[in-house]
Amino acid sequence: MVIYDPALTVGLPDHVTARSAMRALAHGVDVLCTPDASPVAAMMAEEGIRQIADGMPDAILHPHGLVGRSRTQYGGYLTAASLAVTAPGPHRMLGEAVERACGLRHADVRAVVLPHLLAATGVMRPLALARVAEALGCNDAVQGITDLAHEVGAPQSLRELGMGLDGLDAALEALRRDETAARDAELEPDVLAAVVENAYHGRTPLGP
């Protein structure tokens, strides 16, 4: 059972709210980037992204208000429900491979890595990019996600999360060995490693 009650989230620190909401938004992106996602799941994912993008800044700006939190929770429900009925696609599998390699908390990693993954895979999925951008109300999906994360104070780099250079080296080596992740994402291992390196330093997301 999952209980959605925005009043229960009022006491959450802003950084927890932001990272959790960005993770929920990433679920919607995962669905839209999955070629076999059903039209209904994709529609739910797109609306979920829209609700989160609209509600999350208000939830941070007015932490004791319920309007922004209600919209964010509704969006989180939609993206989670769409993800639950969608087989893992290349974007989700790639994200999970990065999370395993980084050894950090799921929500934290997704908030940082999401725009970098989308930039690297977007050339192969222009329709997904267009739908994410439409849901965010902007022309550039990658920049839109980056701007939203900055607006709500979500982390901008893996280094901010406490990852050291030794952790980066270990993650890069693990990803270079993970041929399955690179193949499923249709990316070269070196491109996948560059995604993590850029995310570590908080650089501008770059395509393949």
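Counting restarts for each chain: residues are numbered from 1 in the order of the written sequence. Local features in this predicted model are restricted to residues of pLDDT 70 or higher, and side-chain atom pairs are both shown and tallied only at a pLDDT of 80 or more, whereas totals for entire chains, interfaces and linings draw on every residue. The side-chain values count all of the structure's non-hydrogen atoms but skip hydrogen atoms and water molecules.

1. Quick look at the packing of helix α1 (residues 14-32) against helix α5 (residues 106-121)
Inference 1: The convention used is that axes are lines fitted to C-alpha atoms, helices contributing only their stretch in contact, and that angles between N-to-C directions extend from 0 to 180 degrees. Segments assigned H or I by DSSP are reported as helices when at least four residues long, segments assigned E as strands when at least two residues long, and all are numbered from the N terminus. Running from N to C, α1 and α5 point in directions that differ by 45°, and their axes come no closer than 8 Å. Classed by the angle they form, the pair α1 and α5 counts as oblique. The handedness of the crossing between α1 and α5 is left-handed. Facing Arg19, Met22, Arg23, Leu25, Ala26, His27, Val29 and Asp30 of α1, the residues of α5 in contact are His106, Ala107, Asp108, Arg110, Ala111, Leu114 and Leu118.
Inference 2: Classification convention: Asp, Glu, Lys, Arg as charged; Ala, Val, Leu, Ile, Met, Phe, Trp, Tyr, Cys, Pro as nonpolar; all other residues, Gly among them, as polar. In the contact of α1 with α5, the residues fall into 8 nonpolar, 2 polar and 5 charged. Angles below 35 degrees are treated as roughly parallel, those above 145 as roughly antiparallel, those between 65 and 115 as roughly perpendicular, and all remaining angles as oblique. Handedness of a crossing is defined here by the sense of rotation of the near helix relative to the far one, left-handed for an anticlockwise turn of less than a right angle and right-handed for a clockwise turn. Contacts were defined at the residue level, with two residues in contact if any of their heavy atoms lie within 4.5 Å.

2. Points about a nonpolar patch on the surface
Inference 1: A cluster of nonpolar residues, Val2, Tyr4, Tyr74 and Tyr77, forms a patch on the protein surface that exposes about 420 Å² of accessible area.
Inference 2: Turning to its location among the elements, Tyr74 is positioned in helix α3 (residues 67-84).
Inference 3: The class of Tyr74 is partly exposed, set by a relative accessible area of 40%. The residues that make up patches have over 30% relative accessible area and no salt bridge, and they are joined within 9 Å when like-charged or within 5 Å when they are Val, Leu, Ile, Met, Phe, Trp or Tyr. Using the Shrake-Rupley algorithm and a 1.4 Å probe, accessible areas are obtained, with residue cover drawn only from the displayed protein chains. Basic side-chain nitrogens of Lys or Arg form a salt bridge, by our definition, when they fall within 4 Å of a carboxyl oxygen of Asp or Glu. Relative accessibility under 20% of the residue-type maximum defines a buried residue, over 50% an exposed one, and the middle range a partly exposed one, all with a 1.4 Å probe and only protein chains included.

3. So, the state of the cysteines
Inference 1: By definition, disulfides here are pairs of cysteine sulfur atoms that lie within 2.5 Å. The final tally for this structure, using the stated rule, is 0 disulfides.
Inference 2: Of all cysteine sulfurs in the structure, the one in Cys138 sits closest to Cys33, which takes part in no disulfide; the separation is 14 Å.

4. Points about the nonpolar core
Inference 1: Of all hydrophobic cores here, the largest spans 36 residues; its most connected members are Leu25, Val29, Val132 and Ile145.
Inference 2: Here this core takes 9 residues from α1, the largest share from any one element.
Inference 3: If we ignore the near neighbours within four places in the chain, the residues touching Val132 are Val29, Leu32, Ile49, Leu118, Ala141 and Ile145.
Inference 4: Counting 23 residues, the second largest nonpolar core, distinct from the first, contains Val109, Val112, Leu158 and Leu168. Only buried Ala, Val, Leu, Ile, Met, Phe, Trp, Tyr and Cys residues count toward a nonpolar core, and they belong to the same one when joined by side-chain atoms within 4.5 Å.

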